[in-house]
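Spelled out from the first residue to the last, the chains are:
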Amino acid sequence: MKAVRTSSRSAPSLKALPMLAGILAAGLVLGVAELVGAFFSSRSAPLIALGSTFIDFTPSWLKDFAIDTFGTNDKAALFVGMAVTIVVLAAILGYLAWRRWILGVAGVLVMGAVMVAAVISRAGAASQDAVPSIIGTLAGLAALRWMIRMLHRTSPIVDTNDDGAFSTGGSHSVGGKAGVSRRGFFAAAGVTAVVAAAAAVGGAVVSGVRNTVNVARERLSFPAPASPALPVPAGVDVDLYGVDRWLTPNSEFYRIDTALQVPTIDVDTWELRIHGMVEEEVRVTFQDLLDSELIERHITLTCVSNPVGGELAGNAKWLGYPIRKLLERARPTDGADMVLSTSTDGFSASTPLPILQDDRDAILAVAMNDEPLPLEHGYPVRMVVPGLYGYVSATKWVVDLEVTRFADATAYWTDRGWSERGPIKTQSRVEVPRAFAKVPAGTARVGGTAWAQHRGIERVEVQIDDGPWEEATLAAEYTVDTWRQWSHEVQLEPGSHQIRCRAYDVEGVQTEERADTVPDGASGWHTVQFTAE
Ligand SMILES: Nc1nc2c(c(=O)[nH]1)N[C@H]1C(S)=C(S)[C@@H](COP(=O)(O)O)O[C@H]1N2
Ligand SMILES: [Mo]
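Quick caveat, the model's predicted, so the values are computed rather than measured.

Cut-offs applied
Residues numbered from 1 in each chain as written. Chains lettered and ligands numbered in written order. Predicted model: local features only at pLDDT ≥ 70, side-chain atom pairs only at ≥ 80, totals over all residues. Heavy atoms only, no water. Domains from an automatic or database assignment. Buried area = accessible area lost by both parts, 1.4 Å probe. Salt bridge = Lys/Arg side-chain N within 4 Å of Asp/Glu carboxyl O. Polar contact = N/O pair within 3.5 Å; in protein donor to acceptor, adjacent residues only side chain to side chain. Helix = DSSP H or I, 4+ residues; strand = E, 2+ residues; numbered from the N terminus. Axes fitted to C-alpha atoms, helices over the stretch in contact; angles between N-to-C directions. Parallel < 35°, antiparallel > 145°, perpendicular 65-115°, else oblique. Contact = heavy atoms within 4.5 Å. Near = heavy atom within 4 Å. Areas by Shrake-Rupley, 256 points an atom, 1.4 Å probe, with all protein chains shown as cover. 1 Å grid on protein atoms, 1.4 Å probe; cavity = no way out; pocket = protein on both sides within 12 Å on 5 of 7 lines; lining within 4 Å. Points joined across faces, edges and corners; volume = space filled by probe spheres on them. Nonpolar A, V, L, I, M, F, W, Y, C, P; charged D, E, K, R; others polar. Pairing = 2+ DSSP bridges. Phe/Tyr/Trp six-rings, centres within 6.5 Å; stacked < 30°, edge-to-face > 60°. Buried < 20%, exposed > 50% of the residue type's maximum accessible area, 1.4 Å probe, protein only.

**Overview of the domain arrangement of the protein**
Looking at the assigned domains, one finds that the protein contains domain 1 (2–210), domain 2 (250–416) and domain 3 (427–532). Distance from the C-alpha centre of domain 2 to the C-alpha centre of domain 3: 30 Å. Summed over both sides, the interface between domain 2 and domain 3 buries roughly 1600 Å², with carbon and sulfur atoms accounting for 56% of that surface. Contact with domain 3 buries area across many residues of domain 2, yet His 298, Thr 300 and Val 308 alone supply 34% of it, more than any other trio. Applying the counting rule to domain 2 against domain 3 returns one salt bridge. Arg 434 serves as the salt-bridge partner of Glu 311, at 3.7 Å between the closest nitrogen and oxygen. The tally of links from domain 2 across to domain 3 stands at six residue pairs in polar contact (both at pLDDT 80 or more). Residue assignment for the side of domain 2 that touches domain 3 shows that the elements contributing at least two residues are strand 5 (295–302) and strand 6 (313–322). Here the element with the most residues in the side of domain 2 that touches domain 3 is strand 5; it accounts for five residues.

Right under this line is the structure:
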């Protein structure tokens, strides 16, 4: 009776190891994609996208079968089915990659492409939602390459020539020595497994927190404002296609911040502390805010980094508590001239104390256009101050107000070369025609927007080529704290043209002098080249 001779003492058979490599690499692809996706948006999670796409393509008989068989567990069944499919495909890919590396590359890329296609085809997806899947795929490919290399190095029966092609036996075979240790492979496999697991857990934690916060945010409702916004008069929009809307929808509101990841704050633990040069330290919870008399105001926000003619400005309706009243409770002491507001992510802004105390409505905002603040716009509480650039006033995710002096403290951007104070410069822009547009010759309407928050726009003038400056028609003014649209009728000869505009506030015409955004905001007259034909 001869015992069947097993190949060696080495544990798993050689075929199993490339398969294991494939499965681990697939795990890494998904783990990394989940982690990166958690930082992007919930839409970019590849597993969910794959599952949803699968459901969309499932014939109804299979759906019915799944629901009949698994009942309310049909989704769990789907995920189990997907997991099995992925494991089997990954094992095959690992084996192929071991036999012929190029096949492995092709296979991984095809799987990556399927993932990207699934993510991108979801409703509301944007092209950047593909990024997590792409990064995941590249990470998986690298890990697979590493593990397969290690396998070839230790393989007792398989050898590859330099370009990775497969060959058996022959003089290259390193026989005895190889196979002695697969330590290299197991090290690579172990690292891949650990990184994949850590990435998946990290991704799940991050998106889990985000989901919890999103659910809490959606449940919020606000009391009617004690002081509602003035009604918006009919003519605040010039009614000219191509001019931005007077009221900026939240989804189109510009976003500027230093946050690599949008902070996720639990409203139940959020607290604002007002301290420093005050007679009384004040602490406010979110519920305190909701129980207070809230005001509702339209305020146009502008970024100091907005270039002449740029898009970094937006107008929204804000609901919140007057910062003036908070300061009345804290009672700043003599000599204080600044409030340093700090966000949970460490950003800070220095705002002149008198501006927060005067009769303008500086707001500790909780809602934007009748919605709880969007996460990226400062949920649950941010500051909004009429007349100041965002970097010195509009702290999002705000948690701390320190009453202090400009001489004693500096803020995030002032430490980086920007002016310590940032009143908004009077600006106007041409939105119609767009730069390099082609428009019909003859009579044309041009238009745009002007702003001089807390001073107000008094007049806008337009000039075509070297012609005279003509007074444009101003749209209705809401308050001096909001931007104002303008339009004008011009006659255009065929040919190329230039249009310029300039706005006046109470102090006169905006400066023609060109200034860069650093250190305290861009200036100059906006000029647009276009063609009439
Ligand atoms: N926490 C925090 N708040 C911040 C910033 C930031 O980087 N972090 N940027 C400020 C700047 S420079 C501007 S212009 C406004 C932009 O607000 P928005 O993103 O809601 O439009 O937020 C301000 N508040
Ligand atoms: Mo800004």
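Still more to cover.
**What about the packing of helix 2 (residues 46–57) against helix 5 (residues 101–120)?**
Contact pair helix 2 / helix 5: the axes reach a minimum separation of 8 Å and the direction vectors enclose 80°. With respect to each other, helix 2 and helix 5 are oriented roughly perpendicular. Packed against helix 2, whose contacting residues are Pro 46, Ala 49, Leu 50 and Thr 53, the element helix 5 presents Val 114, Met 115, Ala 118 and Val 119 at the interface.

**A few points about the site of ligand 1**
Near ligand 1 lie 19 residues; those nearest to it are Tyr 254, Thr 258, His 377, Arg 382 and Lys 396. Between His 377 and ligand 1, the recorded distance is 2.6 Å, taken from a side-chain N or O atom to an oxygen atom. In the complex, the protein chains occlude 99% of the 530 Å² of accessible area that ligand 1 would expose alone.

**Some remarks on empty space enclosed by the protein**
Here the structure, examined in full by the defined rule, presents two cavities of 30 Å³ or more. Taken as a whole, the largest cavity encloses approximately 80 Å³ of empty space. At three residues, strand 13 (residues 427–432) tops the list of elements feeding residues into the lining of the largest cavity. Its residues placed into classes, the lining of the largest cavity shows seven nonpolar, six polar and one charged. No fewer than three residues from each of domain 2 (250–416) and domain 3 (427–532) sit in the lining of the largest cavity. Looking at the second largest cavity, its volume works out to about 40 Å³. Taken together, Ala 452, Gly 456, Ile 457, Glu 477, Thr 479, Val 480, Thr 482, Trp 483 and Arg 484 make up the full set of residues lining the second largest cavity. Classifying every residue of the lining of the second largest cavity by side-chain character gives four nonpolar, three polar and two charged.

**Points about unusual backbone geometry**
One can expect most non-glycine residues to show negative phi and most peptide bonds to be in trans. The residue after Tyr 379, namely Pro 380, is reached through a cis peptide bond having omega 5°. Of note, Pro 380 is situated in the loop between strand 10 (371–372) and strand 11 (382–384). Going from Val 518 to Pro 519, the amide bond is cis rather than trans, its omega being 5°. Along the chain, Pro 519 falls in the loop between strand 21 (508–509) and strand 22 (526–532).

**Brief notes about the sheet that holds strand 19 (residues 484–492)**
Backbone hydrogen bonds hold the strands of a sheet together, and the pairing may be parallel or antiparallel. A sheet is described by the order of its strands in space; here four strands give the open sequence 13-15-19-18, paired in antiparallel fashion. At either margin of the open sheet sits one strand with a lone partner, and together these are strand 13 and strand 18 (473–474). Relative to strand 19, strand 18 runs antiparallel, the two being bridged by two bridges. Along strand 19, the bridge assignment pairs Leu 474 with Trp 486.

**So, the packing of aromatic side chains**
Overall, the coordinates contain twelve aromatic pairs when judged by the stated rule. Judged by centre distance (5.2 Å) and plane angle (70°), the rings of Phe 185 and Phe 186 are edge-to-face. On the basis of relative accessibility, which here comes to 0%, the residue Phe 185 falls in the buried class. When its relative accessible area of 40% is taken as the criterion, Phe 186 is described as partly exposed. Centroid distance Trp 469 to Trp 525: 5.2 Å. Interplanar angle 75°. Geometry classified as edge-to-face. Residue Trp 469 is located in the loop between strand 16 (459–464) and strand 17 (470–471), and its partner Trp 525 is located in the loop between strand 21 and strand 22; the two are separated by 56 residues in the primary sequence. One aromatic cluster is present, formed by Phe 347, Tyr 391, Tyr 412, Trp 413 and Trp 418 through successive ring pairs.

**Details of the side chain of Ser 428**
Locating Ser 428 in the fold gives a position in strand 13. A polar atom in the side chain of Ser 428 sits 3.5 Å from the backbone nitrogen of Ala 503. Here Gln 510 takes part through its side chain, which lies 2.7 Å from a polar atom of the side chain of Ser 428.

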